[in-house]
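Observations on chain architecture
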Amino acid sequence: MARTAKVQLWSCPVWNIYMHSLLQVVRSVKLTIQQGLDTCRRYGAVYGVTARRRQTLGTVNPAGNFFDMVFVFHKKFGPIVRVEGLPRSTLLILYEPEHFEQVYKAEETNPLRPGFDTSEYYRGVLRKARFGGYYGLTSAQGPKWRDFRTKVNPALLKPKLVKLYAPALGEIAEEMVDRLTKLSGKGDYLQNNFDLEMTKWSLESVALVGLGARLGCLEDDLKEDHPARQLMQCAKDILDLSFKTELLPPAIWKYIATPNFKKLMNTYDLQWDISKIYIDQAQNKIKERGHDVPEEDKSIIEKLIAIDERVAILMANEMLMAGIDTVAFSITGILYHLATNQGAQDKLREEIRTGESRRYLRACMKEALRIWAVVPSNLRRTSKEHVVDGYRVPIGLIRATRHPTSTASTFAVHSSTGGPRVDAAWSTNIRVVYYEMRVGSDAPTARGVRGASVRTIDVIAPNEYLSRMDKYFPRGSEFVPERWLVEKTDPLYHGNTHPMVYAPFGIGVRSCIGRRIAELEIEVFLTKLIDKQKVTWFGPPLKIVSKIINSFDKPYNFKFENAL
Ligand code: HEM
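Residues numbered from 1 in each chain as written. Predicted model: local features only at pLDDT ≥ 70, side-chain atom pairs only at ≥ 80, totals over all residues. Heavy atoms only, no water.

1. Regarding the environment of Glu482
With respect to the element layout, Glu482 can be found in the loop between α19 (463–467) and α20 (515–532). Looking at Glu482, the relative accessible area reads 25%, which means it is partly exposed. Measuring from C-alpha to C-alpha, the distance between Glu482 and His494 comes to 9.3 Å, with 12 residues separating the pair along the chain. The contact partners of Glu482, leaving out residues within four places of it in the chain, are Lys347 and Tyr360. Among the polar contacts made by the side chain of Glu482, one reaches the side chain of Lys347 at a distance of 2.8 Å. (Helix = DSSP H or I, 4+ residues; strand = E, 2+ residues; numbered from the N terminus. Buried < 20%, exposed > 50% of the residue type's maximum accessible area, 1.4 Å probe, protein only. Contact = heavy atoms within 4.5 Å. Polar contact = N/O pair within 3.5 Å; in protein donor to acceptor, adjacent residues only side chain to side chain.)

Following this line, the structure appears as C-alpha cells:
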C-alpha cells in the first residue's frame, strides 16, 4: 500500500499509550534513568555521556503495575526523573504537583497528548474523503483537535443535557442488576467473567448516548455476528492491534502494510459501518418526529447530527473507544471498595433508601477513583521550553550520529524558522550526541553528521501514585469517603491538598469529555444495585495490572445477596 502519509505523533485519550510502551520496555530491556537533579540542569550533556555514567536500574517491576514502578523511581531517583529507552520519546516524570502544574498550565493553549499514528493515517489519509477533514479528539492535535472539541463540547458537557439520559440509563442498570443476580447463582461464572459483564453494561450505556440506541448487550446468548458483540470486539481489537502495529518491533507499518496493520484498518471500517447504521436510524427518527423541539429537549446525538453526520459518527466511535473499559474498570473498583468496607456500604444504602441526597454516593465514587484510577497518570508533550525547579526542559532533542569517517570536532545545528546557527561539539569517542532543541525545527547540518532524528519530551504527572500518598491525602491507602464531606477544619478534608494531585479525569481543557456521562452511568447503576443487593468480597485482595490502561487481575471474588 502506498504510504505517502505525513504522519505526526498523535493523541490517544485515556489509554495513554506511552504508559503501556513504558511498561513493555521496563519488562524487556534495561532502562537507563538519570536522576532529575543531575540531568535536567545539564540536559544535553547528560545525553552525551556514555553508558558508563548512566545509572542502570535494570528490570523493574515485572508485574507491570504502573503504580509500583513510579514508586520505585521516586524512591530511587527523587522528585524529577527522566526515563530513556522508549521507542518514541523521553519521559520526564515530575512528582511535585507545583512542577507539573507549571508545565501543564503553560501548555494549556495547545495541549498535546500523543497517541496512535495509525488512527491518524486512517482518518487523514486512507479514508480522507469519508472523514472530510475531521480527526476526532483522540487522534488530533493542535487546531484540528481544538476545532473538533469546540464543536462537541456543548453537546457533551452540559449537565442538564446529560441528565436527560438518567431514566433510560436506569432501565439498563435495572436489567444489569437482575442479570448479576441471575449470574451469581451460576457457579464460578462471575469470578471469571465479571469484567465481561461490566463491559457489556458500559457498552450498552454509552451506546445509548453515542448511537441513540439500545444494542442488546445484556441479552442472553449474544450471537457472534450481533452488532453489540461486533462493536465490543472492535473496541478491543483497535487497542490491541494499534499496540502491536505501532509499539512492538518491527514497527514497519509506515513502509509495509503488515497483516496487523491491514486488520486494524479493516476493524476501523467495520466500526464505522456499524455506527453509521445506528446514526442513520437516529436521523430517520428525528426526521419523522420533526425538528420542532425545544433546544433543551434535543438529545446529544441530535445536536451532533445537526453539526454534521460525520461529526456524530466520529464522536460515537470515540465514545465507544474511550467510554467502555474506563467505566467498567471504575465501577468494579468502587464495588470492591464497598464490598470490603461494609460500614460505608450500609451508609450508602441508607442514603439511597431515604432518597434525600446523593452526597455520600458521590463521595464513594470520588474516593474509589482516588485509590484506583483507570488512567494512572496524565501526560503532556512539550511544545515549548520550560524551566522546572531550575532545570531546563527543552522542546525536544535532536539525536545526531557522527559519520564514522568524519574527523570534524563540531557539527552545526541551525533553525529553518530563523533561529541562530549553533555549533555543537562532538565529544571525543562519542558518536551520538543529543542536542537540545530550542526552536521548533532545529536540525543538524550535514557536516560530519550521518543521521539525525528528533525525540520529543513527554511530561508525566503520576496522579494515581500521588493521590495515595499520606502527604496529600491522610490515610491515603484507606477507603474513607468521609474525606470528601468533612469540614475544612478536619485534618482529612480533601481541600487541604494541592488541586492538581487528584485528577482521574485528566487536566484542563483536554480533560475527559465523557466525564459527566461516566459519572451519571455509575451513579445510576450503584443506586439500583446497592439498594437491592449486598455486595461482599471473599478471598485475596483484588490486584491491578497496567496494560494500556489499568485493569484488574482475575478472579473477581464478589458475592451478591439480597439486601435487607
Ligand atoms: C470513569 C470513567 C472515565 C475515566 C476515569 C476517564 C478518564 C479520562 C482521562 C484521564 C482522559 C485524558 C484527559 C487528559 O489528557 O487530560 C480522558 C480523555 C477522554 N475521554 Fe475519558 N474517562 C472516562 C470515561 C469516558 C467516557 C464514558 C467517554 C465517552 C463518553 C470518554 C471519552 C473520552 C475522550 C473522547 C477523551 C479525549 C478527550 C480529548 O482529547 O479532548 N471517557 N478520559
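So that's the structure; there's more coming.
2. Here we look at the coordination of the iron atom of the ligand
One donor from the polypeptide reaches the iron atom of the ligand: Cys512 (SG), at 2.3 Å. By the element assignment, Cys512 lies in the loop between α19 and α20. (Donors = N, O, S within 2.8 Å, 3.2 Å for Na, K, Ca; no water.)

3. With respect to the nonpolar core
One finds Leu335, Phe525, Leu526 and Phe558 to be the most contacted residues of the largest nonpolar core, which totals 156 residues. Counting contributing residues per domain, this core is built from domain 1 (17–112 + 380–461) and domain 2 (120–357 + 512–533), each supplying no fewer than three. Listed in part, the 10 residues of the second largest apolar core include Ile395, Val433, Tyr435 and Met437. (Core = buried A, V, L, I, M, F, W, Y, C linked by side-chain atoms within 4.5 Å. Domains from an automatic or database assignment.)

4. Remarks on the confidence of the model for the protein chain
Mean pLDDT over the protein chain: 84, with 84% of residues reaching 70 or higher. Here residues 22–40 scores under 50 on pLDDT; set against residues more than four positions off or in separate chains, the count is 71 contacts. With pLDDT under 50 throughout, residues 42–63 is counted as low confidence; its partners more than four residues away or in other chains account for 57 contacts. (pLDDT = per-residue confidence, 0-100.)

5. A short note on unusual backbone geometry
A cis amide bond, omega 0°, links Lys554 with the succeeding residue Pro555. Relative to the helices and strands, Pro555 resides in the loop between β16 (550–553) and β17 (558–562). Although it is not a glycine, Asp221 sits at a positive phi angle of roughly 50°. Mapped onto the elements, Asp221 comes out in the loop between α11 (189–210) and α12 (227–247).

6. Some words on the environment of Ser477
Structurally, Ser477 is set in the loop between α19 and α20. Apart from the residues lying within four places of it in its own chain, the contact partners of Ser477 are Ile371, Arg468 and Asp470.

7. Thoughts on the packing of α11 against helix α15 (residues 309–322)
For the pair α11 and α15, interaxial distance at closest approach is 9 Å and the crossing angle is 165°. Compared by their axis directions, α11 and α15 come out roughly antiparallel. Note that α11 runs across α15; the crossing there is right-handed. Taking contact as the criterion, the partners of Leu203, Val206, Ala207 and Gly210 in α11 are, on α15, Ala316, Met319 and Leu320. (Axes fitted to C-alpha atoms, helices over the stretch in contact; angles between N-to-C directions. Parallel < 35°, antiparallel > 145°, perpendicular 65-115°, else oblique. Left-handed = near helix turned anticlockwise from the far one by under 90°.)

8. Let's talk about the packing of aromatic side chains
Enumeration over the complete set of coordinates arrives at 24 aromatic pairs. Consider the rings of Tyr121 and Trp253, whose centres lie 6.1 Å apart with planes at 70°: the pair is edge-to-face. Linking Tyr121 in helix α6 (residues 117–126) with Trp253 in the loop between α12 and α13 (259–289), this pair joins segments that are 132 residues apart in sequence. A relative accessible area of 2% places Tyr121 in the buried class. Taken together, the ring pairs in this structure connect Phe194, Phe329, Tyr336, Trp372, Trp537, Phe552, Tyr556, Phe558 and Phe560 into an aromatic cluster. The ring of Tyr135 carries the charged tip of Lys144 above its face, separated from the ring centre by 4.1 Å. Directly above the aromatic system of Phe473 lies the positively charged group of Arg370, at a separation of 5.2 Å from the ring centroid. (Phe/Tyr/Trp six-rings, centres within 6.5 Å; stacked < 30°, edge-to-face > 60°. Lys NZ or Arg CZ within 6 Å of the ring centre and 35° of its normal.)

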